[in-house]
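Working through the structure, step by step
Okay, here's what each chain looks like letter by letter:
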Amino acid sequence: MPLHIETEASRCLNCKVPMCQKNCPISTPIPHIIQMFKENKIQEAGKELFENNPLSVVCATVCNHEAQCAGHCILGRKSTPVQFYNIEHFISDSYLSRFKAQGIVKKNKKVAVIGSGPSGLTVSIILAQNGYDVTIFERKNNIGGMLRYGIPEFRLPQSVLERYHKLLDKLGVQIRLNTTIGGALRIDNLFRDGYSSVFVGSGAWRPRTLNIEGESLPNVNFGISYLENSLHHVIGSTVAIIGMGNVAMDVARTVFRHGAEHVMLFSRDGNATASSQEMSYAKLDGAEFIYGKQIVRITTEGPVFKKSILNENGESVGVEGEEELVKADNVIIAISQVPKDKLILSTDHLEGNAKGLLIVDDKYMTTHEGVFAAGDAVTGPLTVVHAVNAAKIAAASMMEYMEKH
Ligand SMILES: Cc1cc2nc3c(=O)[nH]c(=O)nc-3n(C[C@H](O)[C@H](O)[C@H](O)COP(=O)(O)OP(=O)(O)OC[C@H]3O[C@@H](n4cnc5c(N)ncnc54)[C@H](O)[C@@H]3O)c2cc1C
Ligand code: SF4
């Protein structure tokens, strides 16, 4: 922990209009939590944090605090902002394993949750606490979604997911792993089998492709596919990463930890989309950032680029000059993800937009009666806290729906 959290809490001014809280996507009651912490009411504070955000301990670790709470703390205008996330992490970490499932009144209604990422976990926890019998259907062999298979262990220890598994057990949530809905089982089968309502939190797992020659060569991989199972990919000493978003930064930092010595990240534009914090960590690890290069094809020797023509905003508007081969042992394409289309293709009346994102109304109900959705499957790749916030609204709408049906 970089700062002593008691000293940190004592610096908070308990602002009447807390800018930290206003800029938190899930409106964490920051000054109130800090007051409780100062009064040594750690478990009460933990309960309040958990009820507002069941993934508080995760968000305290992986949120972009510089763009949210810390970045807007009033003290940051003249000196160092309060680093609330360290206090939040301490409180929520202490609370998580002491969580008790108490006073639950059973509703005798079954709910199916597709996916166990942040949105699916949030809906499952809220509905189980409210007496619904929840079953999670998860395509992978463990829970967590991108928390387990995307975000690297050195940024988010996976032990936290084992603790969430235990919490789900305490709540009586059933988990069917290695079960893809839209494969052998479909959403219609869930209604047939008596589920009153279905939540889709299936995320965005299909890598975006470049649509250029060479993408299927053996020295090429997609960022999310690499991160999913980095131990089992053979990485050479020189790696070229196409893309400069946050996922590309995680790929760069991961390949260094698997023996790469020279790691280059390429952007076709004059700037990057990753947060400055993620970029600075990748830079400290030794990554090299190369701007204004448009990839035109990939060979077994490495990627081939042309120079981008940039407009005044630094956006690439064309290419010029000769082709240039950059020698690399591996090429990893990390230019974002889109949702897979299995659920839409296998379910009548479940509609997506042109980008394959599920269409929902303001209550997060999809175009299919009784089927709700939130998270990356609806927004495209975003963040944990945004997925949790939307899932909270979806869970409330599902309860309202099930009261009436
Ligand atoms: C490499 C990487 C790093 C990231 N770093 C951060 C970060 O530092 N901070 C941050 O806030 N956000 C980060 N994000 C984004 C964040 O992880 C996602 O926004 C968030 O996980 C989305 O949650 P979700 O529940 O919508 O989907 P996901 O986490 O994608 O979970 C979806 C789940 O559904 C399952 N599933 C999919 N289809 C089916 C099906 N048909 N049947 C059954 N199960 C299915 C999947 O296996 C998965 O477990 C990162 C993302 C990546 C890829
Ligand atoms: S803005 Fe900073 S000082 Fe004010 S309540 Fe939030 S954390 Fe405390």
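The rules behind the values
Residues numbered from 1 in each chain as written. Chains lettered and ligands numbered in written order. Predicted model: local features only at pLDDT ≥ 70, side-chain atom pairs only at ≥ 80, totals over all residues. Near = placed C-beta within 6 Å. Helix = DSSP H or I, 4+ residues; strand = E, 2+ residues; numbered from the N terminus. Nonpolar A, V, L, I, M, F, W, Y, C, P; charged D, E, K, R; others polar. Domains from an automatic or database assignment. Pairing = 2+ DSSP bridges. Axes fitted to C-alpha atoms, helices over the stretch in contact; angles between N-to-C directions. Contact = placed C-beta atoms within 7 Å.

A closer look at the site of ligand 1
Within the structure, ligand 1 sits among 41 residues, and G115, G117, G145, G203 and G375 are positioned closest to it. Mapped onto the shell around ligand 1, the elements with two or more residues apiece are helix 8 (118-129), helix 9 (146-149), helix 12 (223-228), helix 13 (246-257), helix 15 (342-346), helix 16 (376-379) and helix 17 (384-404). Taken together, the residues of the shell around ligand 1 break down into 20 nonpolar, 15 polar and 6 charged. Summarising the domain contributions, the shell around ligand 1 has at least three residues from each of domain 2 (110-205 + 339-404) and domain 3 (207-337).

Here we look at the sheet that holds strand 11 (residues 302-310)
Backbone-to-backbone hydrogen bonds join strands into a sheet, with any given pair of strands oriented parallel or antiparallel. Ordered by their spatial adjacency, 3 strands build an open sheet running 10-11-12, and the pairing between neighbours is antiparallel. The strands lining the two open edges of the sheet, one partner per strand, are strand 10 (293-299) and strand 12 (316-325). Looking at each pair of strands side by side, their axes are set apart by 30° on average, direction ignored. Where strand 11 meets strand 12, 6 bridges bridge the pair, whose relative direction is antiparallel. For I309, the partnering residue across the bridge sits in strand 12 and is G318.

Things to note about the domain arrangement of the protein chain
Taken domain by domain, the protein chain comprises domain 1 (5-96), domain 2 (110-205 + 339-404) and domain 3 (207-337). Relative placement of domain 2 and domain 3: their C-alpha centres are 31 Å apart. On the side of domain 3, 9 residues touch domain 2, which itself brings 8 residues to the contact. The residue inventory of the side of domain 2 that touches domain 3, partitioned by class, reads 7 nonpolar, 1 polar and no charged.

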